[in-house]
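Residues per chain are reported as follows:
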Amino acid sequence: MTGCNWGYGKEDGPSVWHKNYPIALGKRQSPVDIIPDETVRDFSLGPIVPDYDRCTSVNISNNGHSVVVEFVDCDDRSVIRGGPLDNPYRLKQFHFHWGGKGHDGSEHTVGGVGYTSELHLVHWNAIKYRSFREASKSSDGLAVLGIFLETGDDHRWLHVITDALYMVKYKGSVTDFKDFNPRCLLPSSLHYWTYLGSLTTPPLYESVTWILLKEPITVSERQLAMFRMLQFNAEEEDERMRMENNFRPPQPLEGRTVLSSN
Ligand SMILES: O=C(NCc1ccccc1)Nc1ccc2c(c1)[B-](O)(O)OC2
Ligand SMILES: [Zn+2]
């Protein structure tokens, strides 16, 4: 499957992804609705330990689906470990999902309620697999740290990202983005829910151990509005489509249990 034949519109959105990606109808799909009273407290679950202090960010880009910050992942300079993970997973990239003006845009929901946006920090199992590509197709290949965003005051560090968005307005644009440590985007509490799921965008591989932080971070409407000036389309394309509502709705749990840390 070369190129991208999927999106978030009426003709190519989540409701028709199954036509090209049948796994969309699988038993381990993401996102899901988390019902706190139905999660199971697992006392054997230790704390999650993101260790990003020696991370090396490289660039920020618009891939036509989201805005992505990529990291050097050729060694274990920035990893996440602990919690449900058997070994450290390497940080590769982070990106966001968001809604339209005045609308929620998170992928996971909590008790049927969405957040304004959701940040995904993507990590891969470099102990067992030789590449992200190989890991992405393996049941224990990826670990994604999901962080909910709610609206309120300005986030004191998010401006570093929003100030760069004008450089990546169109699909296919990329620009340098050095010395950014995503530790500044973490909330104060690392209490989490965890369950086994999938990528939330095609190819929808069922390879993700999801770790969702219970505490959201706060960003302002003004900061969020900057994300909505991005475009799904490339600069030379005639049809201009504002990048918003780039989220997949919750999928059936299919008997899965969501575990809760402390
Ligand atoms: O990396 C992605 N695609 C490119 C690709 C390259 C090589 C093999 C497979 C895929 N997608 C992707 C990765 C991680 C997450 C998501 C999408 B997400 O669900 O949005 O949040 C977590
Ligand atoms: Zn994502």
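Residues numbered from 1 in each chain as written. Chains lettered and ligands numbered in written order. Predicted model: local features only at pLDDT ≥ 70, side-chain atom pairs only at ≥ 80, totals over all residues. Heavy atoms only, no water.

The name that an unreviewed UniProt entry assigns to the protein is Carbonic anhydrase, with the source organism given as Nothobranchius furzeri. UniProt lists a comment for the protein under the heading Catalytic activity (unreviewed entry), and it reads "hydrogencarbonate + H(+) = CO2 + H2O". The Cofactor (unreviewed entry) comment attached to the protein in UniProt states, word for word, "Zn(2+)". (UniProt positions renumbered as here; feature names shortened; annotations may be inferred.)

Some remarks on the overall build of the protein
Along the protein, the regular secondary structure elements total four helices and 15 strands. Computed over C-alpha atoms, the radius of gyration of the protein comes to 17 Å, within 12% of the 18 Å expected from 2.2 N^0.38 for 262 residues, which places it in the range of a compact globule. For the protein, the C-alpha atoms occupy an extent of roughly 55 × 40 × 40 Å along the three principal directions. Burial statistics for the protein: of 262 residues in total, 52% are counted as buried. When contacts within the protein are restricted to residue pairs at least 6 apart in sequence, long-range pairs at least 24 apart make up 71% of them. As displayed, the protein offers around 12,200 Å² of accessible surface, 51% of which is attributable to carbon and sulfur atoms. The average position of the 27 basic charges and that of the 34 acidic charges among the side chains of the protein differ by 3 Å. (Helix = DSSP H or I, 4+ residues; strand = E, 2+ residues; numbered from the N terminus. Rg over C-alpha atoms; globule rule 2.2 N^0.38 Å. Buried < 20%, exposed > 50% of the residue type's maximum accessible area, 1.4 Å probe, protein only. Contact = heavy atoms within 4.5 Å. Areas by Shrake-Rupley, 256 points an atom, 1.4 Å probe, with all protein chains shown as cover. Lys, Arg positive; Asp, Glu negative; His and termini not counted. Charge placed at Lys NZ, Arg CZ, Asp CG, Glu CD.)

Side note on the coordination of the zinc ion (ligand 2)
Summarising the metal site, the zinc ion (ligand 2) is bound by the protein donors His95 (NE2), His97 (NE2) and His120 (ND1), whose distances to it range over 2.0 Å. Counting the intervening residues between successive donors of the zinc ion (ligand 2) yields the motif H-x1-H-x22-H. On the criterion of sequence distance, the pair formed by His95 in strand 7 (residues 89–98) and His120 in strand 9 (residues 117–124) is long-range, its members being 25 residues apart. Comparing His95 with His120 shows no difference in burial state: the two are buried. (Donors = N, O, S within 2.8 Å, 3.2 Å for Na, K, Ca; no water.)

Some points on the layout of surface pockets
The space that makes up the largest pocket amounts to roughly 890 Å³. Phe132, Leu199, Thr201, Pro202 and Pro203 are the residues nearest the centre of the largest pocket, which is lined by 34 residues in total. A per-element tally of the lining of the largest pocket places strand 7 first, with four residues. Considering only residue class, the lining of the largest pocket consists of 15 nonpolar, 15 polar and four charged. Roughly 420 Å³ of volume is contained in the second largest pocket. As for the second largest pocket, its lining consists of 17 residues, of which Gly7, Tyr8, Asp12, Phe232 and Met241 are closest to the centre. Looking at the lining of the second largest pocket residue by residue, the classes come out as five nonpolar, six polar and six charged. (1 Å grid on protein atoms, 1.4 Å probe; cavity = no way out; pocket = protein on both sides within 12 Å on 5 of 7 lines; lining within 4 Å. Points joined across faces, edges and corners; volume = space filled by probe spheres on them. Nonpolar A, V, L, I, M, F, W, Y, C, P; charged D, E, K, R; others polar.)

A look at the site of ligand 1
Neighbouring ligand 1 are 14 residues; His95, His97, His120, Arg133 and Thr200 lie closest to it. The separation between an oxygen atom of ligand 1 and a polar side-chain atom of His95 is 3.1 Å. In the environment of ligand 1, an oxygen atom lies 2.5 Å from a nitrogen or oxygen atom belonging to the backbone of Thr200. Look at ligand 1: alone it shows 480 Å² of surface, and the protein chains cover 81% of it. Among the detected pockets, ligand 1 sits in the largest pocket. (Near = heavy atom within 4 Å. Polar contact = N/O pair within 3.5 Å; in protein donor to acceptor, adjacent residues only side chain to side chain. Sits in = over half its atoms within 2 Å of the grid points.)

Regarding the UniProt feature "domain: Alpha-carbonic anhydrase" (unreviewed entry) in the protein
UniProt's feature table lists "domain: Alpha-carbonic anhydrase" (unreviewed entry) at residues 4–262, given in the numbering used throughout. Measuring from the first to the last C-alpha atom of residues 4–262 gives 40 Å, for a span that is 7% helix and 28% strand.

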